[in-house]
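Spelled out from the first residue to the last, the chains are:
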Amino acid sequence: MNHATAAPQAASPVSARAARLASIPSFLRVDEYIREFGARRDAVAGGCDFTFGNPHQMPAGRYVTALQDALVPQHDQWFAYQANGRAACEAAAESLEVLLDVPFRPEDIYLTTGGFAAIALALKTVADPGDEVVFSLPPWFLYEPLILEAGLVPVKVTVDTTFDLDLEAIESAITDRTRCVIVNTPNNPTGRIYPPELLARLAQLLETASARIGRRIYLISDEPYNRIAFDGIRFHSPVEFYPYTLLAYSYGKTHLSPGQRVGYLALPPGMPHRDDLRPAISGLQVAMGWIYPNALLQHALPDLEKFSIDVGQLQRRRDRLVDALGGMGYRVHPPEGTFYLYVTSPIPDDEAFTARLAARDVFVLPGALFETPGFFRISLTANEDMIERSLPVFEAALKESPA
């Protein structure tokens, strides 16, 4: 080989794609927050941690028992390679049918290592590099990285003042390159559950827009909190209204066990062209790095489908904080689901207000991390003791704010 004529090596050891991911502003803010406040939060004894949806009490005995039972091998292939285990897929399909009154089939459940992988799988199944993906702000802050990693183009719109989807904004954002719209309900961080009337209008919008641009727009319904609804509200999924919907789900929220990575991507029974989609999804599950949950979690899944975390306890925490913060003078939108409160910051600089709370060992996430400055997010997974100890701090921080 003539080294003198060989193509020059790139100056950077990092690929352009990885460099772009590392430069996403919201990504950088999350990293900065973790570095600045994370070490302090972890080091503080008696701090009040309202940041991420991590547990702050011991896991339910039923959850532990399900994992322990699944650990006992029943045959010599118990810990062999597991793809889409039949028993796990049957349990997931039956549970979805009960929740949504939609007859999902086990063969249309594709098991993944949590919701992250389910969303990435959906994107790569229906979209090609250069296609556009529309999603609403405030978002889950990892939509953009997942979209960019797939070679796609993020297109952002804002929600309306009630935290509902802004259908006019979504319609205006659709171009001839649009391939997907992501909807997150119940929504993180706002806690809004989109009503059926809104979802029906969204479905009609996507039908009309697909016809206009001459290509099908798929909807990705990100619903890891679909079992966490308050006040008896019935959850409705976009799959009930729009057949071209791919449903992404994670058990990490249902059982407050985000470190146990298990979820799925589901195709509703009315999905057209399912015979084309099925082998494509199965192939991607392998090509993306064998993104199936490990054998233990697949064996446990039929039992895990029988229960969830204590939603009543989360609702009581919500009510306590909404009442207390509202009584102090905070503007709080009571969430209808999830385990978050999205509170209006009393000063425009939500990061400065977050720092003010952190200085008193109360840790929340600023709205800037969700690309909507002027808010902060509280996780209801903090325990009752943290909630009570935090209230004087919230009150003192509010009193320091200008009128």
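Everything numeric here is computed off the predicted structure, so don't read it as measured data.

Draft legend 1. Expanded view of the overall build of the protein. In terms of helices and strands, the protein carries 14 helices and 13 strands. Scaling as 2.2 N^0.38, a compact globule of 403 residues should have a C-alpha radius of gyration of about 22 Å, and the protein matches this with 22 Å. Oriented by its inertia axes, the alpha-carbon framework of the protein measures out at about 65 × 60 × 55 Å. Here the analysis covers contacts within the protein between residues at least 6 apart in sequence; of these, 75% occur between residues at least 24 apart. Summing over all exposed atoms, the protein offers an accessible surface of approximately 17200 Å²; the carbon and sulfur share of this is 54%.

Draft legend 2. Looking closely at unusual backbone geometry. Leu137 connects to Pro138 through a cis peptide bond whose omega is 5°. Take Pro138: it is sitting in the loop between β3 (132–137) and α6 (143–149). Residue Pro189 is reached from Asn188 by a cis peptide bond, and omega for that bond is 25°. For Pro189, the position within the fold is in the loop between β5 (178–184) and α8 (196–213). A positive phi angle, near 50°, is found at Leu256, a position not held by glycine. Of note, Leu256 is situated in the loop between α9 (251–254) and β8 (263–266).

Draft legend 3. Up close: the packing of aromatic side chains. Under the criterion given, the structure shown has 25 aromatic pairs. Relative to Tyr143, the ring of Trp140 lies with its centre 5.4 Å away and its plane at 80°, an arrangement referred to as edge-to-face. Among the residues examined, Trp140 registers a relative accessible area of 14% and is labelled buried. Here Tyr342 and Phe370 contribute two aromatic rings whose centre-to-centre distance is 5.9 Å and whose plane-to-plane angle is 85°, an arrangement assigned as edge-to-face. Linking Tyr342 in strand β10 (residues 340–344) with Phe370 in the loop between β12 (365–366) and β13 (375–379), this pair joins segments that are 28 residues apart in sequence. Neither residue differs from the other here; Tyr342 and Phe370 are each classed as buried. Above the ring of Tyr340, the side-chain terminus of Arg377 is found at 3.8 Å from the ring centroid.

Draft legend 4. The arrangement of the sheet that holds β8 in detail. In spatial order, the strands read β2-β8-β7-β6-β5-β3-β4; together these 7 strands make up an open sheet with mixed pairing. Sheet topology places β2 (109–112) and β4 (153–158) at the edges, where each strand pairs with a single neighbour. Each neighbouring strand pair of the sheet contributes to a mean axis angle of 25°, computed without reference to strand direction. Pairing of strand β7 (residues 245–250) with β8 involves 4 bridges; the strand directions are antiparallel. Across the sheet, residue Ala248 finds its bridge partner in β8, namely Leu265. Against the sheet, helix α4 (residues 86–100) makes contact with β2, β7 and β8, and its axis sits at roughly 115° relative to β2, the strand it touches most.

Draft legend 5. Structural context of the layout of surface pockets. In this model, the largest pocket occupies a volume close to 420 Å³. Phe116, Trp140, Tyr225, Lys253 and Tyr340 are the residues nearest the centre of the largest pocket, which is lined by 20 residues in total. Here the lining of the largest pocket takes 3 residues from helix α5 (residues 114–126), the largest share from any one element. For the lining of the largest pocket, the residue count by class is 10 nonpolar, 6 polar and 4 charged. Pro59, Ala60, His255, Leu256 and Ile309 are the residues nearest the centre of the second largest pocket, which is lined by 16 residues in total. Per-element tally for the lining of the second largest pocket: the top contributor is helix α12 (residues 311–328), with 3 residues. Here the residues of the lining of the second largest pocket are counted per class, giving 9 nonpolar, 5 polar and 2 charged.

Draft legend 6. Spatial organisation of empty space enclosed by the protein. By the definition in use, this model includes 1 cavity of 30 Å³ or more. Approximately 70 Å³ is the volume found for the largest cavity. Surrounding the largest cavity, 14 residues form its lining, Ser136, Pro138, Ile182, Asn184 and Asn187 being those nearest its centre. Of all the elements in the fold, those that place two or more residues in the lining of the largest cavity are β3 and β5. Examining the composition of the lining of the largest cavity, we find that 3 residues originate from one element, β5, more than from any other. Across the lining of the largest cavity, the residue classes break down as 10 nonpolar, 4 polar and no charged.

Draft legend 7. Representation of the side chain of Thr178 in the model. Looking at where Thr178 falls in the secondary structure, it is placed in strand β5. Thr178 sits in the buried class, given a relative accessible area of 0%. Aside from chain neighbours lying at most four places away, what touches Thr178 is Glu132, Val134, Ala173, Ile213, Arg215 and Ile217.

Draft legend 8. Structural context of the packing of α4 against helix α11 (residues 295–304). The interhelical angle for the contact between α4 and α11, taken along N-to-C directions, is 35°, at an axis separation of 8 Å. In the crossing of α4 with α11, the sense of the turn from one axis to the other is left-handed. Contact with α4, carried on its side by Ala87, Ala88, Ala91 and Ala92, involves Gln298, Leu301 and Pro302 of α11 and no other residues of that element. For the contact of α4 with α11, the residue count by class is 6 nonpolar, 1 polar and no charged.

Draft legend 9. Broad picture of the sheet that holds β12. The sheet built from 4 strands is open, its strands ordered β9-β10-β13-β12 with antiparallel pairing. Looking at the sheet topology across the chains shown, the edges are occupied by β9 (332–333) and β12. In this structure, β9 lies alongside β10, joined through 2 bridges in antiparallel fashion. Across the sheet, His333 pairs through a bridge with Tyr342, a residue of β10.

Procedures and definitions
- Residues numbered from 1 in each chain as written.
- Predicted model: local features only at pLDDT ≥ 70, side-chain atom pairs only at ≥ 80, totals over all residues.
- Heavy atoms only, no water.
- Helix = DSSP H or I, 4+ residues; strand = E, 2+ residues; numbered from the N terminus.
- Rg over C-alpha atoms; globule rule 2.2 N^0.38 Å.
- Contact = heavy atoms within 4.5 Å.
- Areas by Shrake-Rupley, 256 points an atom, 1.4 Å probe, with all protein chains shown as cover.
- Phe/Tyr/Trp six-rings, centres within 6.5 Å; stacked < 30°, edge-to-face > 60°.
- Buried < 20%, exposed > 50% of the residue type's maximum accessible area, 1.4 Å probe, protein only.
- Lys NZ or Arg CZ within 6 Å of the ring centre and 35° of its normal.
- Pairing = 2+ DSSP bridges.
- Axes fitted to C-alpha atoms, helices over the stretch in contact; angles between N-to-C directions.
- 1 Å grid on protein atoms, 1.4 Å probe; cavity = no way out; pocket = protein on both sides within 12 Å on 5 of 7 lines; lining within 4 Å.
- Points joined across faces, edges and corners; volume = space filled by probe spheres on them.
- Nonpolar A, V, L, I, M, F, W, Y, C, P; charged D, E, K, R; others polar.
- Left-handed = near helix turned anticlockwise from the far one by under 90°.

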